[in-house]
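What follows is the residue order along each chain.
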Amino acid sequence: MQKPKNEVKLQLDSRSVNEGYARVAVSAFAAVLDPTVEEINDIRTAVSEAVTNCIVHAYRNGMGKIYIRVRLFDGGKIEVQIRDRGCGIADVQKAREPLFTTLGGDRSGLGFSVMESFCDRVRVRSELGKGTTVTLIKTVKGRDASREP
Amino acid sequence: MQVHIETEDAAAVCYLDGELDHHNAPSVREKIDEYAVGSTPKHIILDFGGVTFMDSSGIGLVMGRYKLLSAANCTLSVRNLSPHAYKVMRLAGLDALVTLQKRGEKGGKQYAKAEK
């Protein structure tokens, strides 16, 4: 098990206004890895999707806490864990399918697709009535791609 | 997030400014839909020149407007997309439904903004 070289934890209310803060905070913490503009946008977008899911799905019936842990590892690897204590996902596999959404309106059902597309790995653990943990893993090459790992 | 709407020839151009996420999308949607219903334009252009961030809420916004406007015989196009916003929209296959134009992309676009 690799040891992180830096770690930060955040706890947020599940208010939509905090979506912006969450993605900016994570990307600011990851800035030390010297990511490219594209890489930082990928991370910000994936975090935004995961946090939005906590707000519109996990805590759809009220307010709750969103727990974010960001860990940086050697070699430019970043791991972002986004956890809630909300309703949980009945069928994770189904939830990850492109265009699947339990909400109508303008929700595209592409939240997980965006996370998967912009990260190297996306892990989802969920238990009904207990909550969901989404872990995003991405290795950034950085602006200096020749950097030693 | 700010939206202001201007008419440009036969089209209505909606200039979006700021971060487009789940928190901001509803107000943008309301403003565009209100205009579309009240003024019944033939074409609507969403100008993303001022959009500094976009997640899948942007996909929902464009997809939703596409459905609404198609039903009202109004065409939709999207222009001045940042490389990132373009990537997100392509991921959703929106390029099959509406014309997507990247920032700095010239030429041939029917409703591209004239040089000032």
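Above this text is the structure in question.
These notes cover the structure that comes with them. Bear in mind that the values here come from a model prediction, so they are computed numbers and not experimental data. (Residues numbered from 1 in each chain as written. Chains lettered and ligands numbered in written order. Predicted model: local features only at pLDDT ≥ 70, side-chain atom pairs only at ≥ 80, totals over all residues. Heavy atoms only, no water.)

## A closer look at the nonpolar core
Argument step 1. In terms of nonpolar packing, the biggest core is built from 34 residues, with B:Leu16, B:Ile44, B:Leu46, B:Phe48, B:Val62, B:Val78 and B:Met89 touching the most fellow members.
Argument step 2. Looking at this core, the elements with two or more residues in it are helix 4 (111–118) of chain A together with strand 2 (11–20), helix 1 (25–39), strand 3 (43–54), helix 2 (56–71), strand 4 (75–81) and helix 3 (83–91) of chain B.
Argument step 3. Here B:Phe48 is in contact with B:Leu16, B:Leu20, B:Met54, B:Val62, B:Val78, B:Arg79, B:Asn80, B:Leu81, B:Met89 and B:Arg103, once residues within four sequence places are set aside.
Argument step 4. If you look at the next biggest cluster of nonpolar residues, it comprises 33 residues, including A:Ala22, A:Cys119, A:Val134 and A:Leu136. (Core = buried A, V, L, I, M, F, W, Y, C linked by side-chain atoms within 4.5 Å. Buried < 20%, exposed > 50% of the residue type's maximum accessible area, 1.4 Å probe, protein only. Helix = DSSP H or I, 4+ residues; strand = E, 2+ residues; numbered from the N terminus. Contact = heavy atoms within 4.5 Å.)

## Side note on the interface of chain B and chain A
The parts lose accessible area when they come together, and the size of an interface is often stated as this lost area.
Argument step 1. Counting residues at the interface gives 21 residues for chain B and 24 residues for chain A.
Argument step 2. Where chain B abuts chain A, roughly 1,800 Å² becomes buried across the two surfaces, and 53% of that area is made up of carbon and sulfur atoms.
Argument step 3. Across the chain B-chain A interface, the total number found is 7 salt bridges.
Argument step 4. Those elements giving two or more residues to the side of chain B that touches chain A turn out to be strand 3, helix 2 and helix 3 of chain B.
Argument step 5. At 7 residues, the largest contribution of residues to the side of chain B that touches chain A is made by helix 2 of chain B.
Argument step 6. Across the side of chain B that touches chain A, the residue classes tally to 7 nonpolar, 8 polar and 6 charged. (Buried area = accessible area lost by both parts, 1.4 Å probe. Salt bridge = Lys/Arg side-chain N within 4 Å of Asp/Glu carboxyl O. Nonpolar A, V, L, I, M, F, W, Y, C, P; charged D, E, K, R; others polar.)

## Examining the pairing of strand 2 of chain B
Residues and elements named next belong to chain B.
Argument step 1. Burial within strand 2 is extensive, with 8 of its 10 residues counted as buried.
Argument step 2. Strand direction decides the pairing type here: strand 1 (residues 2–8) and strand 2, joined by 7 bridges, are antiparallel. In the strand pairing of strand 2, Thr 7 is matched with Ala 12.
Argument step 3. Hairpin connection, strand 1 to strand 2: the antiparallel pair is bridged by 2 residues, and Asp 9 has positive phi, about 55°.
Argument step 4. One ladder, built from 9 bridges, connects strand 2 with strand 3; its direction is parallel. In the strand pairing of strand 3, Glu 19 is matched with Phe 53.
Argument step 5. Viewed along the sheet, the connection from strand 2 through helix 1 into strand 3 turns out right-handed. (Pairing = 2+ DSSP bridges. Right-handed = clockwise from strand over helix to strand, strands pointing away.)

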